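Read off the chains here:
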Amino acid sequence: MRDHSATVLDVANLKTVFNTRDGEVHAVNGVSFYLKPGELLGIVGESGSGKSVTMMSLLKLLPMPPAEIREGQIEFDGRDLRNVSDDDLRRIRGGEIGFVFQDPMTSLNPVFTVGFQLVEPLRLHMGLSKAEARKRAAELLELVGIPDAASRLKDYPHQFSGGMRQRVMIAIALACDPKVLIADEPTTALDVTIQAQILELVKELRQKLGMAIIWITHDLGVIAEIADRVAVMYAGQIVEHAEVKELFANPQHPYTRALLETLPRMGEARAARLPSIDGQPPNLDHAPTHCEFAPRCKHAFTRCRKENPKRFEVNPAHDVACFLAQSGGSTDA
Ligand SMILES: Nc1ncnc2c1ncn2[C@@H]1O[C@H](COP(=O)(O)OP(=O)(O)OP(=O)(O)O)[C@@H](O)[C@H]1O
Ligand code: SF4
Ligand SMILES: [Mg+2]
């Protein structure tokens, strides 16, 4: 079993609901995961599976209302994030936890220079003077591989290419030496060569700075390359979680297996989006009462339509929420 004292982030039974005019949207349905210092957790799952809402819930980055965190514990570096003051939460956001958002153009402010957007958090969170902050800002742009860094501080986001903008986002997220970096599909919009460069950069920075990383992606190839552990999400739940080698060698959940079956083989071009599997995505208008994957699962049996499977341990490096896996292949129940 894992040692809770050795985690930098520990999330238990997180539930986030949107209260909309058309009723409730159960986006996150009891998510639990942990992150140890210096490690990289990959999160994968099809569109709408709750990856972004889970991460935004941690730092209350969602509009509330309509969002409501209904349940759960979020422990970051020994502090209970559900009960810290707004001031402390602001200090943690962009300070101790860096966030690279899914869409760089909505998170970089087009009306401020990149220099200003780097200098502000450095002054706010690190208490640096203007001159110190400008020096550090140039160092950060250099660190993420932007040529001629010092002179680019005065440029606006639209003056950077897509790949360079993504580097700027990473520089901003890294500005205050975060203990945890959360990167939400940071490379999806980029072409393959630039994606590869950003991945190399992250691997390098991780070694240099020793931070823990959560990397959300549709690309299982990326997960295989950079993650230590991986969590597979479906219908706002983690349905399988394992060390990365174990997951690829011994996938247990039919959803994970379907994803892996559609992976391109060595030498084939990598898909930028998660390959789609047959059937409709789940309806999130209710909290799960049965296995939400059942309508798309070729192995579904009676129990799957009556009860929602809990995660059970396959071995200390691997757990899965599936009755078939739990029963060792028997469908008698
Ligand atoms: N403001 C909102 N109001 C209502 N529902 C929302 C809102 N934001 C997100 N949702 C719903 O929450 C669910 C989870 O969304 P989320 O953005 O976390 O998915 P995701 O896994 O990040 O998908 P993607 O891979 O497309 O980024 C989706 O059904 C989405 O429609
Ligand atoms: S619990 Fe049943 S329906 Fe759900 S994934 Fe497992 S076998 Fe399929
Ligand atoms: Mg998302």
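Residues numbered from 1 in each chain as written. Chains lettered and ligands numbered in written order. Predicted model: local features only at pLDDT ≥ 70, side-chain atom pairs only at ≥ 80, totals over all residues. Heavy atoms only, no water.

**Some details on the overall build of the protein**
Where we set the bar: Every helix listed is a DSSP run of H or I at least four residues long, and every strand listed is a run of E at least two residues long, numbered separately from the N terminus. Just to be clear, the radius of gyration here is over C-alpha atoms, and the globule rule we use is 2.2 Å times residues to the power 0.38. Between buried and exposed lies partly exposed: a residue is buried under 20% and exposed over 50% of the maximum accessible area for its type, with that area taken using a 1.4 Å probe on protein chains only. Residue-level accessible areas treat just the shown protein chains as cover; the underlying method is Shrake-Rupley with a 1.4 Å probe. The charge count includes Lys and Arg as positive and Asp and Glu as negative, but it does not include His or the ends of the chains. To locate a charge, take atom NZ for lysine, CZ for arginine, CG for aspartate or CD for glutamate.
Tallying secondary structure elements over the protein gives twelve helices and twelve strands in all. For 333 residues, the compact-globule estimate of 2.2 N^0.38 gives 20 Å, and the protein sits close to it at 20 Å. Referenced to the eigenvectors of the C-alpha coordinate spread, the extents of the protein come out at roughly 70 × 50 × 40 Å. For the protein, with 333 residues in total, the buried portion stands at 51%. Within the structure as shown, the protein displays about 15700 Å² of accessible surface, and the carbon and sulfur contribution to it stands at 51%. If you average the places of the 38 positive and of the 43 negative side-chain charges in the protein, the two averages end up 2 Å apart.

**So, the site of ligand 2**
Quick reminder of the rule: Put simply, a residue is near a molecule or strand once any heavy atom of it comes within 4 Å of that molecule or strand. Basically, the charged four are Asp, Glu, Lys and Arg, the nonpolar ten are Ala, Val, Leu, Ile, Met, Phe, Trp, Tyr, Cys and Pro, and anything else, Gly included, counts as polar.
Residues in close proximity to ligand 2 include His253, Pro254, Cys291, Phe293, Ala294, Cys297, Ala300, Cys304, Pro309, Cys322, Phe323 and Leu324, which together make up its full environment. Each residue belonging to the shell around ligand 2 can be placed in one class, and the counts come to eleven nonpolar, one polar and no charged.

**Quick notes on the site of ligand 1**
Rules: A 3.5 Å cut-off defines polar contacts: any pair of N or O atoms within that distance qualifies, except that in protein one atom must be a possible hydrogen donor and the other a possible acceptor, and neighbouring residues in sequence count only when both atoms are side-chain atoms.
With respect to spatial proximity, 15 residues lie near ligand 1, and among them Ser47, Lys51, Ser52, Val53 and Gln102 are the closest. For ligand 1, an oxygen atom lies 2.8 Å from a polar atom in the side chain of Ser52. Within the contact set of ligand 1, an oxygen atom lies 3.3 Å away from a side-chain nitrogen or oxygen of Glu185. Across the complex, the protein chains shield 69% of the 640 Å² of accessible surface that ligand 1 would expose by itself. Among the elements of the structure, strand 1 (9–20) and helix 1 (51–58) are those that each provide at least two residues to the shell around ligand 1. Per element, the largest residue contribution to the shell around ligand 1 is three residues, and it comes from helix 1.

**As for the layout of surface pockets**
Where empty space is left can be seen by rolling a probe of water-molecule size over the atoms. What counts, and what does not: For each structure, a 1 Å grid was placed over the protein atoms alone; sets of points admitting a 1.4 Å probe that cannot get out are labelled cavities, open sets with protein on both sides within 12 Å along at least five of seven lines are labelled pockets, and lining residues have an atom within 4 Å of a point. Grid points are joined across faces, edges and corners, and a volume is the space filled by probe spheres set on the points.
In this structure, the largest pocket encloses a volume near 920 Å³. As for the largest pocket, its lining consists of 43 residues, and the residues nearest its centre are Ser32, Ile238, Arg311, Phe312 and Asp319. Only strand 1, strand 2 (23–35), strand 4 (67–76), strand 9 (229–234), strand 10 (237–243), strand 11 (312–315) and strand 12 (318–320) provide two or more residues apiece to the lining of the largest pocket. Ranked by residue count, the leading element in the lining of the largest pocket is strand 2, at eight residues. For the lining of the largest pocket, the residue count by class is 18 nonpolar, eleven polar and 14 charged.

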